[in-house]
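The primary structure of each chain is shown beneath.
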Amino acid sequence: MTLSNAEEQLMQFLWKKERALMKDLVEAYPEPRPATTTVATLLKRMQDKKFVDYKQLGRSREYFPLVKKRDYFSKHVNGLIKNFFNNSPSQFASFFTEETNLSKKELEELKAIIDSEINKKNPLK
């Protein structure tokens, strides 16, 4: 299951807050804010998709994510690599490093991250 753009925007607010009441979620939007009924509809769809749930607190509902941001993002990146880069992480990395105008320092930081991951997979070296 995936989220629509509107659902994903709302999910970003919920991941950031971790737990939130409806009024907190509405207030997280920039002006002009959506109607409470619009946010309620989005939350209901997201609940049906098993992305969020809520705890009843009197007359209010406290919403919380059921899916971790890292897991959601990881699935999307892997889908992106599969669908746009012929399932080739190296094609993705090449595109990413060439098209994002990274500085030398940023490229060196990426290289250090990659080197660290290589060392984790081959600890004898």
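Keep in mind it's a predicted model, so treat the numbers as computed, not measured.

Parameters at a glance
- Residues numbered from 1 in each chain as written.
- Predicted model: local features only at pLDDT ≥ 70, side-chain atom pairs only at ≥ 80, totals over all residues.
- Heavy atoms only, no water.
- Helix = DSSP H or I, 4+ residues; strand = E, 2+ residues; numbered from the N terminus.
- Rg over C-alpha atoms; globule rule 2.2 N^0.38 Å.
- Contact = heavy atoms within 4.5 Å.
- Domains from an automatic or database assignment.
- Core = buried A, V, L, I, M, F, W, Y, C linked by side-chain atoms within 4.5 Å.
- Buried < 20%, exposed > 50% of the residue type's maximum accessible area, 1.4 Å probe, protein only.
- Salt bridge = Lys/Arg side-chain N within 4 Å of Asp/Glu carboxyl O.

Enquirer: Even after reading the chapter, I still don't get the overall build of the chain, so can you show me in this structure?
Expert: Regarding its fold elements, the chain presents six helices and three strands. Counted from the first residue to the last, the chain has its helices and strands arranged as α-β-α-α-β-β-α-α-α. Taken over the C-alpha trace, the chain has a radius of gyration of 19 Å; the compact-globule value for 125 residues is 14 Å, which it surpasses by more than 25%. C-alpha extents for the chain along the principal axes are approximately 60 × 35 × 30 Å. Long-range contacts, defined as pairs at least 24 residues apart, comprise 44% of the intrachain contacts of the chain with a sequence gap of at least 6.

Enquirer: Sorry if this is basic, but what is going on with the domain arrangement of the chain here?
Expert: Size of an interface, as often reported, equals the accessible area lost when the parts are brought together. What the domain assignment reports for the chain is domain 1 (5-65) and domain 2 (69-121). Relative placement of domain 1 and domain 2: their C-alpha centres are 31 Å apart.

Enquirer: Explain the nonpolar core to me, please; I cannot follow it from the model alone.
Expert: Across soluble globular proteins, nonpolar side chains show a tendency to be buried alongside one another. Counting residues in each nonpolar core, the largest one holds 19 residues, and the members touching the most others are L10, L25, V39, L43 and M46. Counting residues per element, the ones that place at least two in this core are α1 (5-17), α2 (22-28) and α3 (36-48). In terms of residues, this core owes the most to one element, α1, which gives five residues. Ignoring sequence-local partners within four residues, the contact set of L43 consists of L10, M22, L25, V52 and Y63.

Enquirer: What's the story with the pattern of salt bridges in this structure? I'm lost.
Expert: Side chains carrying opposite charge are able to pair once their charged atoms draw close together. Inspection of the entire model under this criterion finds nine salt bridges. The partner of E108 in a salt bridge is K104, and the shortest N-O contact between them spans 4.0 Å. Placement of both E108 and K104 in helix α6 (residues 104-121) is noted, with a separation of four residues, approximately one turn of the helix. A single salt-bridge network, built from bridges that share partners, covers E7, R45 and K49.

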